[in-house]
Amino acid sequence: MKIARALLGKFLVTDFAGGISSGMIVETEAYSWMERGCHAFNQRKTNRNAAMFEGGGVSYVYLCYGVHELFNIVTNKPGIAEAVLIRALEPVDGIELMMDRYNIKNPKGITSGPGKLTKALGITRKHNQIELNGPTVWIEDRNMKVKPKDIHSSARIGMNFEGKDAVLPWRFTIKGNSWVSK
DNA sequence: TAGAGGATTGAT
DNA sequence: TCAATCCTCTAC
């Protein structure tokens, strides 16, 4: 859970054929095998979530609703399924590239959702289960300071089941940032 | 091998 | 508020 908080203010960078694009992480959600809602609940291992068992520093990209690709960062030791979902970014580099990928001219709201930011950065399932220390996708620390009081935690989104797991405050956002998803 | 459903989004 | 859309898991 510490990692989900620490990732706020870090930069997610991609370098594909089209060029470099990056954004600052402003919203995350933590997932663990210990709670429902996670694909690897109860250490259930499948082909899809195999990346989560790889160990920290690996990406986990998967398709949701047949339409959207969601980007996660695996955070724990090999064999322990735990990951942080990147829900929103603030565009920094390659904004024009992102707009090209959407074929629009206004960057407003282009990365304000987990399915949208992957499209903006050009991330697809081909980038599943890869190391996040380069050369195509990596996390960068640019010494952006996020004060603890600027971090807001809340219940997660999209949890359809009943029970206490649904209200765990494992969603982290940067207060006052307009790129946070609604 | 077939059927149901999902960590969402955008249009109505 | 609801459909789009296709991959993954589960059951037969």
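From a predicted model like this one, the values you see are computed outputs, not experimental measurements. (Residues numbered from 1 in each chain as written. Chains lettered and ligands numbered in written order. Predicted model: local features only at pLDDT ≥ 70, side-chain atom pairs only at ≥ 80, totals over all residues. Heavy atoms only, no water.)

(A) Quick look at the packing of aromatic side chains. Under the definition given, this model contains one aromatic pair. On the basis of an interplanar angle of 20 degrees and a centroid distance of 5.8 Å, the ring pair of Y60 and Y62 is categorised as stacked. Each member of the pair, Y60 as well as Y62, is classed as buried. Just above the ring of Y102 sits the side chain of K119; from NZ or CZ to the centre is 4.6 Å. Here R142 stacks its cationic end above the ring of F11, 4.3 Å away from the centre of that ring. (Phe/Tyr/Trp six-rings, centres within 6.5 Å; stacked < 30°, edge-to-face > 60°. Buried < 20%, exposed > 50% of the residue type's maximum accessible area, 1.4 Å probe, protein only. Lys NZ or Arg CZ within 6 Å of the ring centre and 35° of its normal.)

(B) Main features of the protein's contact with DNA strand C. Around DNA strand C lies a shell formed by R44, T46, N47, R48, L63, Y65, G66 and V67. Per the 4 Å cut-off to the protein, sugar and phosphate atoms form 83% of the nearby atoms of DNA strand C. One nitrogen or oxygen atom from the main chain of R48 is found 3.4 Å from a phosphate oxygen belonging to DNA strand C. The class makeup of the residues in the surface near DNA strand C is three nonpolar, three polar and two charged. (Near = heavy atom within 4 Å. Polar contact = N/O pair within 3.5 Å; in protein donor to acceptor, adjacent residues only side chain to side chain. Nonpolar A, V, L, I, M, F, W, Y, C, P; charged D, E, K, R; others polar.)

(C) Structural view of the nonpolar core. Formed by 33 residues in total, the largest nonpolar core has its most connected members in L12, I25, F71, I86, L89 and I123. Where this core is concerned, the elements lending two or more residues are β1 (11-16), β2 (19-32), β4 (68-74), β5 (82-93), α2 (95-102), α3 (114-121), β6 (137-140) and β8 (171-174). The contact partners of L12, leaving out residues within four places of it in the chain, are S21, S22, G23, I25, F71, L89, L121, I123, V137, W138 and I139. Among the nonpolar cores identified, the runner-up in size contains 15 residues, and A40, Y60, C64 and A81 belong to it. (Core = buried A, V, L, I, M, F, W, Y, C linked by side-chain atoms within 4.5 Å. Helix = DSSP H or I, 4+ residues; strand = E, 2+ residues; numbered from the N terminus. Contact = heavy atoms within 4.5 Å.)

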